[in-house]
Every structure is written in structure tokens, then in C-alpha cells.
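# Fold and contact review
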Amino acid sequence: MKTYARFAAAAANTLGVAGILHALVLSPSTSAKVAEPAPVVAPTVQDTAPTAPDWVPPTWFPADRTSLVWTLDSLDTAPRSDDGPRLRARAAILADLDSGEVLYARNADARLPVASLTKITTALAFASTGASLDQELCVDARFYPHRSGARSKFVTGSCHDGWSYLGAAMVASDNRGAYGLSVASGLAGYQFVERMDEVSEELGMQASWADPSGLDDDNLASARAMLKGIVAVASHPDLATAASASRWQIQRERGPQWLGTTNRLHARWETLAAKTGY
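First, a word on what this report is: a plain description of the structure on this page. (Residues numbered from 1 in each chain as written. Predicted model: local features only at pLDDT ≥ 70, side-chain atom pairs only at ≥ 80, totals over all residues. Heavy atoms only, no water.)

## A closer look at the packing of helix 3 (residues 162-171) against helix 4 (residues 175-184)
Rules: Fitted lines through C-alpha atoms give the axes, limited to the stretch in contact for helices. The angle between two N-to-C directions lies from 0 to 180 degrees. Secondary structure follows DSSP: runs of H or I at least 4 residues long count as helices, runs of E at least 2 residues long count as strands, and numbering of each begins at the N terminus. Any angle that is under 35 degrees is reported as roughly parallel, and any over 145 degrees as roughly antiparallel; angles of 65 to 115 degrees are reported as roughly perpendicular and all others as oblique. Whether a crossing is left-handed or right-handed is set by the direction in which the near helix is turned from the far one by less than a right angle, anticlockwise for left-handed and clockwise for right-handed. Here, residues are in contact when the closest pair of their heavy atoms is within 4.5 Å. Each residue gets one of three labels, nonpolar for Ala, Val, Leu, Ile, Met, Phe, Trp, Tyr, Cys and Pro, charged for Asp, Glu, Lys and Arg, and polar for the others, Gly among them.
Orientation of helix 3 relative to helix 4, taken along the N-to-C sense of each, is 135 degrees, at an axis distance of 7 Å. What the angle tells us is that helix 3 and helix 4 run oblique. Here the hand of the crossing between helix 3 and helix 4 comes out left-handed. Taken together, the residues of helix 4 that come into contact with helix 3 (itself represented by Gly 162, Tyr 165, Leu 166 and Ala 169) are Arg 176, Gly 177, Ala 178, Gly 180 and Leu 181. Here the contact of helix 3 with helix 4 is built from residues that sort into five nonpolar, three polar and one charged.

Structure (C-alpha cells):
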């Protein structure tokens, strides 16, 4: 029988990467447009929550998945050793999710601009509203970031379901996809950013947010916070589908288009949830 060790890591620098490697294997949603899903392996997690916990998952998190995120509280522990890999990253953290032990940390609690890693929290904030991914929304001014220069596969007037915006944001780091989740939530733009802050607090993340895409330099979070965020994404049945995909399909007027992942680790390791940021 093949054994899976569940490790999670997050790092931040000019190039920021957060992800779970050989981590929480979750069944993909049947309604999602995803190719090459990760193999399904029974995760070794506890069936019931521990008694008298210091931290409780938020009420919006799927009840049948709460056992997968109890480890978030343990990620506040100090690292076992200062020994670790050579990194150029200003901040990094590595944890074993089976034991809940932090194995390595460098400036893990320093708040830094995290660029498109912001989309991890965007996806979680959307999920917290209970809005449907099946709804169809047409691109308008609300989908455009306040800063110019960001590329997107979504053009004004084109209509797509929420799955398209989620997949484009998480797989291809599409900025209008991230704003599409904000629109789909039913909240005003400023309210959605406030919800991102609230979700971070609920998950014990040291972070503060300024926009859903990560283009704003005031999107600040620690490596430990991003580690917690990616664990939560990997534990959510809808979000994990996009976070583990190597490519994603969206429908356009001239036909379907596949968007490839920005995560180069997919070609080297089995990456079950990840997000890149530049």
C-alpha cells in the first residue's frame, strides 16, 4: 500500500508560493470543469473533534469537513528545529499535517505583501457567503481590478458560471476571475474585502486585505497565515477541486478554452492544493 505523508509549506518573497504537497486528498466536485484531478486517497484524519478545543472551525465551513481543519490550531506552535533548506524567501514555514507539527520556520509571522496568494482568502471568503457557484454572471466594470496591467481571459459582456471564475482565479491566477468571486458573493466590493478580513480572523490567520486579486501591495499576510489558508482551501470540497487542478476549462464565444496552472510544482510533485503569487 502506498503511504502518503501530508506536508504543507508556504513561502513569501518576490516570488511567493503557498501549497500543500501530498496533503489532503479530496474527491473533486462532479459539477466542476476540471481535468486531471488528483487521485483520491483516504486521508488519515481523526473522525471526531477533540474535546475542549482552543479553536473551533467557523460555522460556514462544511460540517462534514471540519475534522480536516482541526490542525490549524496546532500550526501556531514553534518549529521543531531551525535547520532547513536553503531559501531566498524572506519568510517560510513547513509543517507535517499528520502530527500538526511545524518542522521549519523563517520569519513565519512577519506580514508581507503576498500578491496573488491573496486569492486563497478570496476563495475562502466567497465560500463563507454560501453563494452558488452554479450562477451565471456577465463581465462588467465590477470585474475589473482598480489597477491596470493585469491580464485576463474574461472580456466585457462575456457570461460564465461561478466555477469558471473560481477555476480561473485559483488555477491560472486570473484577476478578473478573483473579482468575479467577489461579484458572485452578492456583497459590495468593500463588503467583500471586509469579509476577507473576517474569514482570516476566524481561521486564525495574521493578515489584512485590500482587494480580491492581490494586485494591491496592502494585501499583507504572514507565511503561517497562508499555510493556514491553503489547508482550509484543501479541506473545502468545492475549493479543493480548483486548488488541485493542473488546468481548467472556461467557455468562450469561440469555444471552450483550457487555462493552465501557474504552479510549476505540478510537473514535479503531486500537488493537491497550491497557489502562486508574483
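## Some thoughts on the environment of Thr 241
Rule in force here: Three labels apply to residues, based on accessible area from a 1.4 Å probe with only protein chains included: buried if under 20% of the type maximum, exposed if over 50%, partly exposed otherwise in between.
Here Thr 241 shows up in helix 7 (residues 237-243). Look at Thr 241 and you get buried, because its relative accessible area is 3%. Linking Thr 241 and Met 170, residues 71 residues apart in sequence, is a C-alpha distance of 9.7 Å.

## Some remarks on the state of the cysteines
By definition, a disulfide links two cysteine residues through a covalent bond between their sulfur atoms. Filter applied, for reference: When the sulfur atoms of two cysteines come within 2.5 Å, that pair is taken as a disulfide.
This structure, assessed with the given rule, holds one disulfide. Sulfur-sulfur distance for the disulfide between Cys 138 and Cys 159 comes to 1.8 Å. Looking along the S-S bond of the Cys 138-Cys 159 disulfide, the torsion reads about 95 degrees, which is the right-handed sense. Of this pair, Cys 138 sits in strand 7 (residues 136-138) while Cys 159 sits in strand 8 (residues 159-161); the two residues are 21 residues apart in sequence, bridging distant segments of the chain.

## Focus: the sheet that holds strand 10 (residues 220-221)
Our working rule: Criterion used throughout: strands pair if DSSP finds at least two bridges between them.
Overall, antiparallel pairing links the three strands, which are arranged 6-10-9 in an open sheet. Looking along the sheet, the strands with just one partner apiece sit at the ends: strand 6 (112-113) and strand 9 (207-208). Alignment of strand 9 against strand 10, held across two bridges, turns out to be antiparallel. Each residue of the ladder has a partner; that of Ser 208, found in strand 10, is Leu 220.

## Description of the packing of aromatic side chains
Heads up, the rule is: Pairing of aromatic rings covers Phe, Tyr and the six-membered ring of Trp, with a centre-to-centre limit of 6.5 Å; geometry is then stacked below 30 degrees between planes, edge-to-face above 60, and tilted otherwise. Only when the NZ of Lys or the CZ of Arg is both within 6 Å of the ring centre and within 35 degrees of the ring normal is a charge said to sit over the ring.
One pass over the structure, following the stated rule, counts four aromatic pairs. The interplanar angle of 55 degrees and the centroid separation of 5.7 Å between the aromatic rings of Trp 60 and Phe 61 together place this pair among those described as tilted. Of the two residues, Trp 60 and Phe 61, both sit in the buried class. With centroids separated by 4.9 Å and ring planes inclined at 50 degrees, the aromatic side chains of Phe 154 and Tyr 165 adopt a geometry described as tilted. Pair noted here: Phe 154 is in the loop between strand 7 and strand 8 and Tyr 165 is in helix 3, with a separation of eleven residues, a long-range link. Given the relative accessible area of 0%, Phe 154 is considered buried. Linked through ring pairs, Phe 143, Phe 154 and Tyr 165 together constitute an aromatic cluster. Against the face of Trp 258 rests Arg 247, its NZ or CZ located 4.1 Å from the ring centre.

## Some remarks on helix 2 (residues 118-129)
In an α-helix, one full turn covers 3.6 residues, which means residues spaced three or four apart are oriented alike. Operational definition: Between the first and last residue of a helix there are one fewer steps than residues, each counted as 1.5 Å, and that sum is the expected span.
An ideal rise of 1.5 Å per residue puts 16 Å on twelve residues; helix 2 measures up with 17 Å between its terminal C-alpha atoms. Taken across its twelve residues, helix 2 has eleven buried, putting it largely inside the fold. Here helix 2 has its buried residues at Thr 118, Lys 119, Ile 120, Thr 121, Thr 122, Ala 123, Leu 124, Ala 125, Phe 126, Ala 127 and Ser 128. Gly 130 sits one or two positions beyond helix 2 and adopts a positive phi of about 75 degrees.

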